[in-house]
Amino acid sequence: MKRLLTILTLTLLTMTAGAQRLTPLEQLKENPRKAYGNDYPYQQEACPLTKSPKGYKPFYISHYARHGSRYYWNAFLYRELDTLLTVAHQKHLLTPVGEAFHDKFMAAKRELTTGVSELTQLGWEQHQQIARTMYNRFTDVFKRGGNVLAVSSLSGRCVLSMSAFCQELVQCNPKIEVREQSSRFTLDAVVPDDRQNPNRRDFPKVKPRFEKNRDKFREDNSLQERIIPRIFTSTEGLPGNMKRIASNLISFYTTLPSIGHEGMMDGILTDEEIAAQWEQSNLGSYAWVFEPQYGVIPILEDVMKKADAAISGESDHIADLRFGHDTYIGPLTVLMGLNGADSDPEDPYEVKNIYQNWQTCKASNIQLIFYRSKKSADDVLVKCLLNGCEATLPVPTTQAPYYKWSDFRSFYQKRIASVKN
């Protein structure tokens, strides 16, 4: 039985390794749901990890994660759909498919409006899974127990994501001592521009270069036009313009797997239709995460400060965990240049090859794994994982995906120093 499980595991790893070599559009063909972008519910891929260089063992982990799956972040989406469907139903303007959607929506309305912005069961389970995977992959860091500091934004969905993660770590090893904190004292490490952050600083924003050539990208809005007649026999007398209505319907559709209501919009939209327009939506996502990248400098500074303390022995933490939002982990991905996300191409058609908005999915996470040489305590390497898979950094190295910590620090300190604020 063990041999069979080993064979199945190796097969899965091989298949996943092959998937990592697929282009973004090929990945969408295999999994159209990735086109949901930052609404994509996190799924741990079985990415094989490169063996650490001989004589090095992991001893410390630094991490930033987005909260897990949640209900829609703002009540306006549910309110506008409620009004729209109610009016259309009363005026007898719904198709049979539209009537079925109306009935399902109304049955779930109280749950939706009550749950606005809150973490779902799936969101809790995502962070449990990520924590257990981290523990199993890097047991050397955790097996003797030790102190872990976890901080989150003041948002309830982030606090609960943190709790799910930390509880799972302690389940893996009761010797681990976790300190959880959600306070104004630690906002720099998770949401630096929060108005309640006493250390809040202003940073410049920068537009991606592709924006100058955006008119060269051929946009396709046919999906929005196709959605309307699937639901309504006529739009006369309906509240809101058709573009807004179609946009709300698409936004609602991509949230359904996160809240356990898949199938509510059967006959209205498909994952394949969303995927067909992904490249267009990805352009907007890249601009959205690119412009505020300097605003997450305090997070990167916190990462380096705490790592230095752990390396020198000033801190006894075996891990520092951070739980925040897509509006921070997305820009952090660009600031750090993970997998070339800082490339800033001029050609809008090239953007998809350096950034894919599903990287900023629900429960997306960045993990920095630190390795120390048995021969010298000062000889430290670091490896970066993006959503559980090894990521490249723009830091010079001869042994990727491993980088000398001294080179890492020097590179990003120079990048930070070059920003004029």
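The preceding data block contains the structure.
Description of the structure in this document. (Residues numbered from 1 in each chain as written. Predicted model: local features only at pLDDT ≥ 70, side-chain atom pairs only at ≥ 80, totals over all residues. Heavy atoms only, no water.)

**A look at empty space enclosed by the protein**
- Taken as a whole, this structure holds 3 cavities of 30 Å³ or more when the rule is applied.
- A volume near 60 Å³ is recorded for the largest cavity.
- Forming the boundary of the largest cavity are S62, H63, Y64, V303, R322, L332, M336, I366 and L368.
- Among the secondary structure elements, those contributing two or more residues to the lining of the largest cavity are β1 (56-66) and β5 (365-373).
- Among the elements that line the lining of the largest cavity, the one with the most residues is β1, at 3 residues.
- Among the residues making up the lining of the largest cavity, the classes are represented as 6 nonpolar, 2 polar and 1 charged. (1 Å grid on protein atoms, 1.4 Å probe; cavity = no way out; pocket = protein on both sides within 12 Å on 5 of 7 lines; lining within 4 Å. Points joined across faces, edges and corners; volume = space filled by probe spheres on them. Helix = DSSP H or I, 4+ residues; strand = E, 2+ residues; numbered from the N terminus. Nonpolar A, V, L, I, M, F, W, Y, C, P; charged D, E, K, R; others polar.)

**Things to note about the state of the cysteines**
- All told, the structure shown has 1 disulfide when counted by the stated rule.
- With no disulfide of its own, C166 has C172 as its nearest cysteine by sulfur position, at a separation of 12 Å.
- With no disulfide of its own, C361 has C389 as its nearest cysteine by sulfur position, at a separation of 11 Å.
- For C361, a relative accessible area of 2% translates into the label buried. (Disulfide = S-S within 2.5 Å. Buried < 20%, exposed > 50% of the residue type's maximum accessible area, 1.4 Å probe, protein only.)

**Section: the layout of surface pockets**
- The volume enclosed by the largest pocket comes to roughly 1,100 Å³.
- Around the largest pocket sit 34 residues that line it, and Y36, N38, S251, S281 and S285 are the ones nearest its centre.
- Of all the secondary-structure elements, those providing two or more residues to the lining of the largest pocket are α8 (222-231), α9 (242-259), α11 (278-290) and α13 (326-335).
- Split into classes, the residues belonging to the lining of the largest pocket amount to 10 nonpolar, 17 polar and 7 charged.

**Here's the deal with the pairing of strand β6 (residues 380-386)**
- By the criterion of burial, β6 is predominantly enclosed, with 7 of the 7 residues buried.
- Every second residue of β6 is oriented toward a common face, with V380, V382, C384 and L386 on one face and L381, K383 and L385 on the other, all of them buried.
- Bridging between β5 and β6 involves 7 bridges; their strand directions are antiparallel. Counterpart to F370 in the pairing with β6 is V382.
- Here β5 hands over to β6 after 6 residues, the two strands then running antiparallel side by side. (Pairing = 2+ DSSP bridges.)

**With respect to unusual backbone geometry**
- Here the amide bond leading from A400 into P401 is cis, since omega sits at 10 degrees, within 30 degrees of zero.
- At N339, a residue that is not glycine, the phi angle is positive and equals roughly 55 degrees.
- With respect to the secondary-structure elements, N339 resides in the loop between α13 and β5.
- With a phi close to 55 degrees, N387 is a non-glycine residue in the positive phi region.
- Within the fold, N387 resides in the loop between β6 and β7 (389-390).

**Section: the environment of A35**
- Of note, A35 is situated in the loop between α2 (24-30) and β1.
- Not counting residues within four places of it along the chain, the set of residues in contact with A35 comprises L28, I274, A275 and W278. (Contact = heavy atoms within 4.5 Å.)

**Some thoughts on the pattern of salt bridges**
- This structure, assessed with the given rule, holds 22 salt bridges.
- Ionic pairing is found between D308 and R409, a salt bridge with its closest N-O pair at 2.8 Å. Taken as a pair, D308 in helix α12 (residues 297-312) and R409 in helix α14 (residues 405-417) lie far apart in primary sequence, 101 residues in all.
- Across the salt bridge formed by E390 and K383, the nearest N and O atoms sit 3.2 Å from each other.
- Given a relative accessible area of 24%, E390 falls into the partly exposed group.
- A relative accessible area of 1% means that K383 is categorised as buried.
- Sharing partners across several salt bridges, the network here consists of R33, E262 and D271. (Salt bridge = Lys/Arg side-chain N within 4 Å of Asp/Glu carboxyl O.)

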